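Reading the structure
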Amino acid sequence: MSTQNYVSHADQWEQRATIRSRPRRVVEDDALSYYPIERQPLYAHPTIMDAGQEVQDYILLQSFYKYINDVIIFETEIVNRTALAIAKSRFPFDFPFACKSDAMSVVIDEHYHAYVAMDYLDQVERSTGIAPITQNNEIELSRAIPRAIAHVPAQYAAGMELLAVAISENTVTTEVAAFSRDATLKRSVKGVMADHLADEGRHSIFWINLVKLYWSQVDEAAREALGLGLPYFLKEYLTNELQLEFDRRLIESLDLPRDTREQIANDMVGAYPITSKHPMIANIRKFLKMAGLLKHEPTRAAVGAYL
Ligand SMILES: [Fe+2]
Ligand SMILES: [Fe+2]
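Now for a description of the structure that goes with this document. (Residues numbered from 1 in each chain as written. Chains lettered and ligands numbered in written order. Predicted model: local features only at pLDDT ≥ 70, side-chain atom pairs only at ≥ 80, totals over all residues. Heavy atoms only, no water.)

Next up on the list: the pattern of salt bridges. Applying the stated criterion across every chain yields a total of 17 salt bridges. A salt bridge links Arg 22 to Asp 195; the shortest N-O distance between them is 2.8 Å. One end of the pair, Arg 22, is in the loop between helix H2 (18-21) and helix H3 (46-51); the other, Asp 195, is in helix H8 (residues 187-217), with 173 residues separating them in the sequence. Its relative accessible area of 33% is what places Arg 22 among the partly exposed residues. Between Arg 202 and Asp 109 there is a salt bridge, and its shortest N-O distance comes to 3.0 Å. Of this pair, Arg 202 sits in helix H8 while Asp 109 sits in helix H5 (residues 97-128), and the two are 93 residues apart along the sequence. Assigned by exposure class, Arg 202 and Asp 109 land together as buried. (Salt bridge = Lys/Arg side-chain N within 4 Å of Asp/Glu carboxyl O. Helix = DSSP H or I, 4+ residues; strand = E, 2+ residues; numbered from the N terminus. Buried < 20%, exposed > 50% of the residue type's maximum accessible area, 1.4 Å probe, protein only.)

Below, the structure is given as structure tokens:
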């Protein structure tokens, strides 16, 4: 791909960006849930089922708070760090103007998503009268990106960061899509997710095209180094440590005897298996293919365990 082949999404953004086109989402007072049951295995634990609907609802609500908090960290600290560097020409690669201006539109979208998330979280907190428990101040990517960068020579740090952000922007999209289709969820939750999804479809194509361009222009030494860095990134990205840490705090916050809480926590250890059937892995594979990385033999071999 040459720099002339890159097509800007500016026209699409002007017409469809949610910041330009969608009304505020307001939480409604009904019995529907905030979070999909199948995304929180704790919900179906026999002791939690016995504890009753109020406890189960509390678990979904707290899981929703965590999800929203993670989204805010992802948008503001991970995606926008890289997108802004590209937009402001601080990224060590000469992207054409169309890429930089599209990157700036991504910065706007992500900050808007974080704003919507904060607003909706505040509405839910007021409407339920339940405050979030202590939140994680990191997401998996906060650790995975610096760790992957540590595995490549210094001159490839920015390239590694670009691949990592592009991969994560392509995995988040399908997650949000599943959310927006769930019939047990409140209309406003689905609305927030559907709005987010509308922008993320554009972003996922943006990151694919950006990486495609980058990958075709850097030299072979860069491609080899980045290809070798990828499995370190994927290994650190696809972990469940932070989810388990959060779930332990959530279990601790329940009004149940200490022995019971310990028992539940022990039962939850294997609750988030990450196997080759994990939906995120299918998305990662699709991204690597579409961005042209799998045509590079050494890279294909390096990520062989995920193909
Ligand atoms: Fe976003
Ligand atoms: Fe995004």
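Now for a nonpolar patch on the surface. Taken together, the side chains of Ile 19, Met 104 and Ile 108 define a hydrophobic patch exposed on the protein surface, amounting to about 220 Å² of accessible area. As for its placement among the helices and strands, Ile 108 is situated in helix H5. A relative accessible area of 34% places Ile 108 in the partly exposed class. (Patch = residues over 30% accessible without salt bridge, like charges linked within 9 Å, V, L, I, M, F, W, Y side chains within 5 Å. Areas by Shrake-Rupley, 256 points an atom, 1.4 Å probe, with all protein chains shown as cover.)

Ranked by internal contacts, the top residues of the largest apolar core, which has 84 residues, are Phe 64, Phe 95, Trp 207 and Phe 233. For this core, the element with the highest residue contribution is helix H4 (residues 53-87), accounting for 16 residues. (Core = buried A, V, L, I, M, F, W, Y, C linked by side-chain atoms within 4.5 Å.)

This part is about the coordination of the iron ion (ligand 1). On the protein side, the iron ion (ligand 1) has Glu 75 (OE), Glu 75 (OE), Glu 110 (OE), His 113 (ND1), His 196 (NE2) and Glu 200 (OE) as donor atoms, found 2.0 to 2.8 Å from it. Metal-centred angles of 51 to 166 degrees between the six donor atoms at the iron ion (ligand 1) mark the site as irregular. One chain supplies every donor to the iron ion (ligand 1), and in sequence these donors are spaced E-x34-E-x2-H-x82-H-x3-E. If you look at the iron ion (ligand 1) and the iron ion (ligand 2), they sit 3.6 Å from each other and are both ligated by Glu 110. In this pair, His 113 sits in helix H5 while Glu 200 sits in helix H8, placing the two residues 87 residues apart along the sequence. His 113 gets classed as buried once you look at its relative accessible area, which sits at 6%. (Donors = N, O, S within 2.8 Å, 3.2 Å for Na, K, Ca; no water. Tetrahedral: all angles 85-135°; square planar, octahedral: opposite > 155°, others 65-115°.)

This part covers the coordination of the iron ion (ligand 2). Taken together, the protein donors to the iron ion (ligand 2) comprise Glu 110 (OE), Glu 169 (OE), Glu 169 (OE), Glu 200 (OE), Glu 200 (OE) and His 203 (ND1), at separations of 2.0 to 2.5 Å. Taken together, the six donor atoms surrounding the iron ion (ligand 2) define angles of 56 to 159 degrees at the centre, an arrangement classified as irregular. Mapping the donors of the iron ion (ligand 2) onto the primary sequence gives the spacing E-x58-E-x30-E-x2-H.

Another point: the environment of Tyr 156. Position of Tyr 156 relative to the elements: it lies in the loop between helix H6 (140-149) and helix H7 (157-181). We classify Tyr 156 as buried; its relative accessible area is 13%. Taking C-alpha positions, Tyr 156 is 44 Å from Ser 33, a pair spaced 123 residues apart along the chain. Among all residues touching Tyr 156, those that are not within four sequence positions of it are Ala 221, Ala 222, Ala 225 and Leu 226. (Contact = heavy atoms within 4.5 Å.)

Moving on, we come to helix H9 (residues 220-237). Compared with the 26 Å implied by 1.5 Å per residue over 18 residues, the 25 Å span of H9 between its first and last C-alpha is a close match. The largest bend in H9 is about 25 degrees, located at Gly 229, with the proline Pro 231 one to four residues further on. Those residues of H9 not exposed but buried are Ala 222, Arg 223, Ala 225, Leu 226, Gly 227, Gly 229, Leu 230, Phe 233, Leu 234 and Tyr 237. (Expected span 1.5 Å × (residues − 1). Bend = angle between axes of the 7 residues up to and from the residue.)

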